[in-house]
Amino acid sequence: MPMPIRAVSSEDLPLLQDIERAAGRCFRDIGMPEIADDEPLPITELARYQHAGMAWVAVDRADTPVAYLIAEHIDGNFHVEQVSVRPESARQRIGRSLLDHLARRAEAEGIPALTLTTFKDVPWNAPYYARCGFQPVAEHALGPGLRTVREREAAHGLDRWPRLAMCRPL
């Protein structure tokens, strides 16, 4: 039975940071300790997504978040800024459920696609998103908003590992 998905509340915001830290630890096991140690978004930034109505959590029976997704409008699409699942809740289709939730909302609003940027060679990144219907976007085909996202990521040092933009047409 799928986990319920609901909008993020103010009380959830610190839990989103905890989820991000827990999910990030997996990167240490594949030789990416800098990613594992990277701090999650500040509460004020997470609150910006919440107030924009672009933040959702998947919750357990006690209504405790075990995963979250935040998104924004970029280049006319919904851009997945972050989707994270607690490691103990992984492999239960929770991340996919959050992505599908966003896709349904996008379709209802006439948004043509979901986009995201991710690590190309991390198994639970680009290969996972490909199984969820995302396709690589060539660098030359990036819109101005996605190009800006990629530039910010490079400035943050994420380009030490191969990255790419992906799109899921709806």
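Trainee: Lay out the environment of S97 with the relevant residues and their values.
Mentor: Checked against the element boundaries, S97 lands in helix α4 (residues 94-108). Assessed through its relative accessible area of 24%, S97 is described here as partly exposed. The sequence separation of S97 and Q50 amounts to 47 residues, and the corresponding C-alpha distance is 19 Å.

Trainee: Explain the side chain of E72 to me, and be specific about the residues and the numbers.
Mentor: Position of E72 relative to the elements: it lies in strand β3 (residues 65-74). What makes E72 buried here is its relative accessible area of 16%. Dropping the residues within four chain positions of it, E72 is found in contact with R48, Y49, M54, N77, F78, H79, E81 and R152.

Trainee: Any details on the environment of N125? Residues and values, ideally.
Mentor: With respect to the secondary-structure elements, N125 resides in the loop between β5 (113-119) and α5 (126-131). We classify N125 as buried; its relative accessible area is 8%. Separated by 60 residues in sequence, N125 and P65 place their C-alpha atoms 21 Å apart.

Trainee: Tell me about the packing of helix α1 (residues 13-24) against helix α3 (residues 43-51), and name the residues and values.
Mentor: Across the interface, α1 lies against α3 with an axial gap of 9 Å and an inter-helix angle of 110 degrees. Judged by the angle between their axes, α1 and α3 are roughly perpendicular. Considering how the two elements wind past one another, α1 and α3 form a crossing that is right-handed. Touching L13, P14, L16 and Q17 of α1 are I43, L46, A47 and Q50, all from α3.

Trainee: Describe in detail the nonpolar core, supporting the description with residues and values.
Mentor: In terms of nonpolar packing, the biggest core is built from 27 residues, with L69, L99, L102, Y129 and F134 touching the most fellow members. The element contributing the most residues to this core is α4, with 6 residues. The contacts of Y129, once residues within four sequence positions are left out, are V83, L99, L116, T118, F134 and M166. In this structure, V8, I19, L46 and Y68 belong to the second largest nonpolar core, which totals 12 residues.

Trainee: Kindly report on the pattern of salt bridges, identifying the contributing residues and their values.
Mentor: Side chains that differ in sign of charge can pair as their charged atoms come close. According to the stated counting rule, one finds 14 salt bridges in the structure shown. A salt bridge links R168 to D100, with the shortest nitrogen-to-oxygen separation between them at 3.0 Å. Of this pair, R168 sits in strand β7 (residues 163-169) while D100 sits in helix α4; the two residues are 68 residues apart in sequence, bridging distant segments of the chain. Note on R168: relative accessible area 14%, which makes it buried. The partly exposed category is assigned to D100, whose relative accessible area is 24%. The salt bridge partner of E109 is R105, with a shortest N-O separation of 2.7 Å. According to the relative accessible area criterion, E109 is partly exposed, its value standing at 42%. In this structure R105 comes out as partly exposed when scored by relative accessible area, which is 26%. Here the salt bridges share partners, and the residues they tie into one network are E139, R150, E153, D159 and R163.

Reading the values: rules and limits
- Residues numbered from 1 in each chain as written.
- Predicted model: local features only at pLDDT ≥ 70, side-chain atom pairs only at ≥ 80, totals over all residues.
- Heavy atoms only, no water.
- Helix = DSSP H or I, 4+ residues; strand = E, 2+ residues; numbered from the N terminus.
- Buried < 20%, exposed > 50% of the residue type's maximum accessible area, 1.4 Å probe, protein only.
- Contact = heavy atoms within 4.5 Å.
- Axes fitted to C-alpha atoms, helices over the stretch in contact; angles between N-to-C directions.
- Parallel < 35°, antiparallel > 145°, perpendicular 65-115°, else oblique.
- Left-handed = near helix turned anticlockwise from the far one by under 90°.
- Core = buried A, V, L, I, M, F, W, Y, C linked by side-chain atoms within 4.5 Å.
- Salt bridge = Lys/Arg side-chain N within 4 Å of Asp/Glu carboxyl O.

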